[in-house]
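Okay, here's what each chain looks like letter by letter:
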Amino acid sequence: NAGVTQTPKFQVLKTGQSMTLQCAQDMNHNSMYWYRQDPGMGLRLIYYSASEGTTDKGEVPNGYNVSRLNKREFSLRLESAAPSQTSVYFCASSDGSTVDYGYTFGSGTRLTVV
Amino acid sequence: AQSVTQLDSQVPVFEEAPVELRCNYSSSVSVYLFWYVQYPNQGLQLLLKYLSGSTLVKGINGFEAEFNKSQTSFHLRKPSVHISDTAEYFCAVAGYSSASKIIFGSGTRLSIRP
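Report follows, based on the coordinates.

Moving on: the overall build of chain A. Across its full length, chain A carries zero helices and 11 strands. In chain A, the order of α-helices and β-strands from amino to carboxyl end is β-β-β-β-β-β-β-β-β-β-β. A globule of 114 residues ought to have a C-alpha radius of gyration of about 13 Å, and chain A, at 13 Å, matches this closely. If you line up chain A on its principal axes, its C-alpha atoms span 40 × 30 × 25 Å. Classification of the 114 residues of chain A by burial places 48% in the buried group. Contacts spanning at least 24 positions in sequence make up 55% of the contacts within chain A whose residues lie at least 6 apart. In the form shown here, chain A has an accessible surface area of approximately 5,300 Å², with 48% of it arising from carbon and sulfur atoms. Charge-centre separation for chain A: the mean point of 10 positive side chains lies 9 Å from the mean point of 9 negative side chains.

Shown next as structure tokens:
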């Protein structure tokens, strides 16, 4: 009964390095989301995937790319990390057919860019 | 479009005292409303949600919230808090459309003093 699994949990990058954050869900959900959480700013949507094969930009997509590899997996890539991307990243999933069930969240990836 | 304002960034309370965390929303359409809780170093968990019907909604861990359409508010309350309630609380809103995404507030950090 894992729910939403994110890897890694912690990462330190140097400016300009690249990395991919992994997310997988085992609830057969259609929709998946990537958020970043910064102090005093709540959660801001980076990208989302309403269904397998589709991705769309959220509120703060610059500097990121995503891949919906299959129904279970949704990855977030930083091509050239910048200190402004230091944040906690959360992946979430939902049934997608209706929003009233809310989202299920992973435990987060804490990323520091130095 | 929807938006959420959490009026207090931090709320300190003594153990066993009552607490209210305030949330106001803005929307031109009917909405679903949510409260999520984030314990230290964890992801977000759904605390309760308002979909329709009774304006008083009960959630987990003794929390409840009241939907007030005229004041566009959805305040969270608990009559007696415990140390274990120390967490950050997020109010969130989504429109009735199946394409809607959940919009999160900036969060309120609840700290419980013994």
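The interface is formed by 22 residues belonging to chain B together with 22 residues belonging to chain A. Counting the surface lost from both chain B and chain A, the interface buries some 1,600 Å², and carbon and sulfur atoms represent 58% of this. It is Leu44, Lys101 and Phe104 of chain B in chain B that bury the most area against chain A; as a group they hold 31% of the surface buried on that side. The interface formed by chain B and chain A contains zero salt bridges. At the boundary of chain B with chain A, the tally comes to five residue pairs in polar contact (both at pLDDT 80 or more). Counted by class, the side of chain B that touches chain A contains 10 nonpolar, nine polar and three charged residues.

What follows deals with the packing of aromatic side chains. Taken as a whole, this structure holds 15 aromatic pairs over all chains when the rule is applied. Judged by centre distance (6.0 Å) and plane angle (45 degrees), the ring pair of Tyr35 of chain A and Phe105 of chain A falls under tilted. With a gap of 70 residues between them, Tyr35 of chain A in strand 4 (residues 31–38) and Phe105 of chain A in strand 10 (residues 104–105) connect regions that are remote in the sequence. Like Phe105 of chain A, Tyr35 of chain A is buried. An aromatic cluster of three or more residues is present, and its members are Tyr33, Tyr35, Tyr48, Phe90, Tyr103 and Phe105 of chain A together with Phe34, Tyr36 and Phe104 of chain B.

Residues and elements named next belong to chain B. Counted according to the given criterion, the structure contains two disulfides over all chains. Residue pairing for Cys23: its cysteine sulfur links by disulfide to Cys91, the two sulfurs lying 1.9 Å apart. Looking along the S-S bond of the Cys23-Cys91 disulfide, the torsion reads about -65 degrees, which is the left-handed sense. Residue Cys23 is found in strand 4 (residues 23–26), and its partner Cys91 is found in strand 10 (residues 87–95); the two are separated by 68 residues along the sequence. As far as the burial class goes, Cys23 and Cys91 line up, both buried.

The residue Asp38 of chain A is located in strand 4 in this model. Among the polar contacts listed, one links the side chain of Asp38 of chain A to the side chain of Ser87 of chain A, at a separation of 2.9 Å.

All names here are of chain A. The element strand 9 (residues 87–94) is extensively covered by neighbouring structure, given that eight of its eight residues are classed as buried. Alternating positions in strand 9 separate into two faces, Ser87, Tyr89, Cys91 and Ser93 on one and Val88, Phe90, Ala92 and Ser94 on the other, with burial throughout. Taken together, the seven bridges between strand 4 and strand 9 define a ladder with antiparallel strand orientation. Bridge assignment links Met32 to a residue of strand 9, and that residue is Ser93. In this structure, strand 9 lies alongside strand 11 (residues 109–113), joined through three bridges in antiparallel fashion. Within the sheet, the bridge partner assigned to Val88 lies in strand 11 and is Arg110. With two bridges joining them, strand 9 and strand 10 adopt antiparallel strand pairing.

Turning our eyes to something else, we now look at the nonpolar core. Most often, soluble globular proteins keep nonpolar side chains buried together rather than apart. Core analysis: the biggest nonpolar cluster contains 28 residues, and Trp35, Phe74, Leu76 and Tyr89 of chain B have the highest contact counts within it. If you look at the next biggest cluster of nonpolar residues, it comprises 20 residues, including Met19, Tyr64, Phe74 and Val113 of chain A.

Definitions and cut-offs
- Residues numbered from 1 in each chain as written.
- Chains lettered and ligands numbered in written order.
- Predicted model: local features only at pLDDT ≥ 70, side-chain atom pairs only at ≥ 80, totals over all residues.
- Heavy atoms only, no water.
- Helix = DSSP H or I, 4+ residues; strand = E, 2+ residues; numbered from the N terminus.
- Rg over C-alpha atoms; globule rule 2.2 N^0.38 Å.
- Buried < 20%, exposed > 50% of the residue type's maximum accessible area, 1.4 Å probe, protein only.
- Contact = heavy atoms within 4.5 Å.
- Areas by Shrake-Rupley, 256 points an atom, 1.4 Å probe, with all protein chains shown as cover.
- Lys, Arg positive; Asp, Glu negative; His and termini not counted.
- Charge placed at Lys NZ, Arg CZ, Asp CG, Glu CD.
- Buried area = accessible area lost by both parts, 1.4 Å probe.
- Salt bridge = Lys/Arg side-chain N within 4 Å of Asp/Glu carboxyl O.
- Polar contact = N/O pair within 3.5 Å; in protein donor to acceptor, adjacent residues only side chain to side chain.
- Nonpolar A, V, L, I, M, F, W, Y, C, P; charged D, E, K, R; others polar.
- Phe/Tyr/Trp six-rings, centres within 6.5 Å; stacked < 30°, edge-to-face > 60°.
- Disulfide = S-S within 2.5 Å.
- Pairing = 2+ DSSP bridges.
- Core = buried A, V, L, I, M, F, W, Y, C linked by side-chain atoms within 4.5 Å.

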